[in-house]
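# An overview of the molecular structure
Next come the chains, spelled out residue by residue.
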Amino acid sequence: MAAAAAGLVFQFRDARWLPDPVLGPSPAVRTPQPVPLVIDNGSFQARAGWACSDPEVPGEPLLRFRSLAARSRGARGGAGTETQVGNDLGSPEPLRWLLRSPFDRNVPVQLELQELLFDHIFQRLGVSSQGCVDHPIVLTEAVCNPLYSRQMMSELLFECYQVPKVSYGVDSMYSFHHNTRQDWPCNSLIVSSGYQCTHVLPVLEGRLDAKNCKRINLGGCQAAVYLQRLLQLKYPGHFAAITLSRMEEILHEHSYIAEDYIEELQKWRSPEYYESNVHKMQLPFSSKLLGTTLTSEEKQERRQQQLRRLQELNARRREEKLQLDQERLDRLLYVQELLEDGQMDQFHKGLVELNMDSAEELQSYIHKLSLAIEQTKQKILQAEVSIEVDVVDSKPETLDLDPLGSEQSLEDVESIHEFEPLFAEEQPDVEKPVTTVEPVFNLAEYHQLFLGTERIRVPEILFQPSLIGEEQAGIAETMQYVLDRYPKEQQALLVQNVFLTGGNTMYPGLKARIQKELLEMRPFQSSFQVHLASNPILDAWYGARDWALEYVNHEEGWITRKDYEEKGGEYLKEHCASNVFVPIRLPKQAPRTTETLAPSKVLAASIGNPCDLA
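To keep things clear, this report deals only with the structure shown in the data block. (Residues numbered from 1 in each chain as written. Predicted model: local features only at pLDDT ≥ 70, side-chain atom pairs only at ≥ 80, totals over all residues. Heavy atoms only, no water.)

Bringing the packing of aromatic side chains into the picture now. Considering all chains together, one arrives at 12 aromatic pairs under this definition. Between the aromatic rings of phenylalanine 122 and tyrosine 161, the centroid separation amounts to 5.0 Å while the plane-to-plane angle is 75°, which identifies the pairing as edge-to-face. Of this pair, phenylalanine 122 sits in helix 2 (residues 111–124) while tyrosine 161 is found in the loop between helix 3 (147–160) and strand 11 (165–170), placing the two residues 39 residues apart along the sequence. For the pair phenylalanine 122 and tyrosine 161, a shared accessibility class is recorded, and that class is buried. Aromatic pair tyrosine 571 and phenylalanine 581: ring centres 5.4 Å apart, planes at 80°, arrangement edge-to-face. (Phe/Tyr/Trp six-rings, centres within 6.5 Å; stacked < 30°, edge-to-face > 60°. Helix = DSSP H or I, 4+ residues; strand = E, 2+ residues; numbered from the N terminus. Buried < 20%, exposed > 50% of the residue type's maximum accessible area, 1.4 Å probe, protein only.)

What the three strands build is an open sheet, ordered 1-16-17; its pairing is mixed. Strands at the two margins of the open sheet, each flanked by one partner only, are strand 1 (9–11) and strand 17 (448–451). Across this sheet, the average inter-strand angle for adjacent strands is 30°, counted without regard to direction. Relative to strand 17, strand 16 (residues 279–282) runs antiparallel, the two sharing four bridges. Note on strand 17: the bridge partner recorded for lysine 280 is phenylalanine 450. The strands touched by helix 6 (residues 244–254) within the sheet are strand 1, strand 16 and strand 17, with strand 16 carrying the most contacts at an inclination of about 145°. (Pairing = 2+ DSSP bridges. Axes fitted to C-alpha atoms, helices over the stretch in contact; angles between N-to-C directions. Contact = heavy atoms within 4.5 Å.)

Here the idea is simple: oppositely charged side chains can pair when their charged atoms come close. Counted by the stated rule, this structure contains 20 salt bridges. A salt bridge links arginine 150 to glutamate 141, with the shortest nitrogen-to-oxygen separation between them at 3.1 Å. The same class applies to arginine 150 as to glutamate 141, namely buried. Among the charged side chains, a network of salt bridges with common partners joins Glu159, Arg561 and Glu565. (Salt bridge = Lys/Arg side-chain N within 4 Å of Asp/Glu carboxyl O.)

This brings us to the nonpolar core. Within soluble globular proteins, side chains that are nonpolar tend to cluster in buried spots. The biggest cluster of nonpolar side chains holds 47 residues, and the ones touching the most others in it are Leu231, Met479, Val498 and Ile514. Secondary structure elements with two or more residues in this core: strand 12 (188–193), helix 5 (220–234), helix 6, strand 17, helix 16 (475–483), strand 18 (498–501) and helix 18 (510–521). Per element, the largest residue contribution to this core is six residues, and it comes from helix 5. Those residues in contact with isoleucine 514 that sit more than four places away from it in its chain are Phe463, Ile475, Met479, Val498, Leu500 and Val530. One finds Val29, Ala46, Leu111 and Ile137 within the second-largest nonpolar core, a separate group that totals 39 residues. (Core = buried A, V, L, I, M, F, W, Y, C linked by side-chain atoms within 4.5 Å.)

The subject of this paragraph is helix 18. Between the first and last C-alpha of helix 18 there are 17 Å, a value that for 12 residues agrees with the 16 Å anticipated at 1.5 Å per step. Within the span of helix 18, buried status applies to Leu510, Arg513, Ile514, Glu517, Leu518 and Met521. Down the axis, helix 18 shows its buried residues gathered within 135° of arc, on one side only. Seen from the open side of helix 18, the exposed residues pointing more than 90 degrees away from its buried face are Leu519 and Glu520. (Expected span 1.5 Å × (residues − 1). Arc of directions from axis to C-beta.)

The structure is reproduced here in structure tokens:
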């Protein structure tokens, strides 16, 4: 069992993002006419590529980068600010406090940042965006996207980039149509879970029923923050090492959804089950300890450095002590001169200040202090001609000078005690053999994060948002709520194709959990089918590419510049994968006719002639 547990140690990759290369424009995307540019504008990752049937053009996204931008202030006196987008950031953690996203939840609201993302896409794909972008654009948007967001996006594309036409579609609908097979029904209940939100979307006859769509404000972002908080509370000693990037790596590779959450927690209570299923994440650490072995040459060099420092320290302390003793001796000699000059009053006053009782005691202190000064001078001379270090005793050299030594602080004595271990090293001794210093604990194990119930506890917030204090319904309750809005016949049609898509649906066990929840909520002996997208992350882009190839020469779904100028930026041409367009309906003001103005004129005339009323 111990061997099995030891084999479940995983290293953090901490992979750095490689900058996106600048791709040269292929002639196939320009002839005979510019082909559409497909952009999956996700809140976690942006994906861009060409919708071209030519085999020379790859049928996959050429660019994939995080929807992030960082703008540094630049060095003082430098060239100014520097803006980095997506993979050019290298690693997000050093710039975490500078990172900005154009999205609020899954809706783009910061259009200046969205412009930076578009500039990055056009530049890397070799599209000249100085004059105009003459390629049609297929762009994904959020479910039930606010009209203001679409208006600002259309204004950016038509006014700034001069695109000829644009088409908006829902990413999960594109993924659904890309995965639709001939034997699949055209009715479906889509569960789309992404980085910021989770949606439950009913599809009737191949079209989105926008009135009954529901959103849960939970996704991969909230799961990563929750896991970071759990592990930082569990391992406060590694607070800074538990970063959001590493939490996302744990979620993508080591988490799973339990089919029965309570039953799975009971399994984790067993020590045997814990030891066989716990994942140990190894944090980076340095194995070099302070007590590592040193060679004899290194020890000799270290000893010489200590000797030089101690020589300088002792010389400085002796000079300070000599100066202080000389000042004390001058004070004592001044008081003795008062006695010789017969100034008895001032002499007795000086004795009181020196805390002495008689002239004999004064003479004794003068003699002892003179001897101490001579000894200090001799030591200074010896230190100049000798390389040996004389240790300054921490005790006063003349114990009888305590009344005068009150000026010496205890800090000086304590500082001398601090150097006693260093002095002891310099005593001649037989060199001991080099021994290896063994650590008192396993340093590698100390830097390991043990993932037990966290592997199922964090993804469970999709079904139980109350785990993180969110007053929202989970996926199961939301599915039940959406189904209850339809008659039983339509409910049976919707559950025949429950479609899972989005990057946050890639947890192992999610499909089985959805099947279990449907089995509990559906009537006895009723049938249902749950399907998972073939590629939950990229199928939205593939579906948008399929649509662009099919409708590139049609008017359906394309908003031209003429439509933008006549009907406004919020205008949307519906198609099989789009939102439902709900135009802005402003109340019209009633025209002012003569019939409506007549009563007011009569009232004004009557008020203007009060005599007539009389």
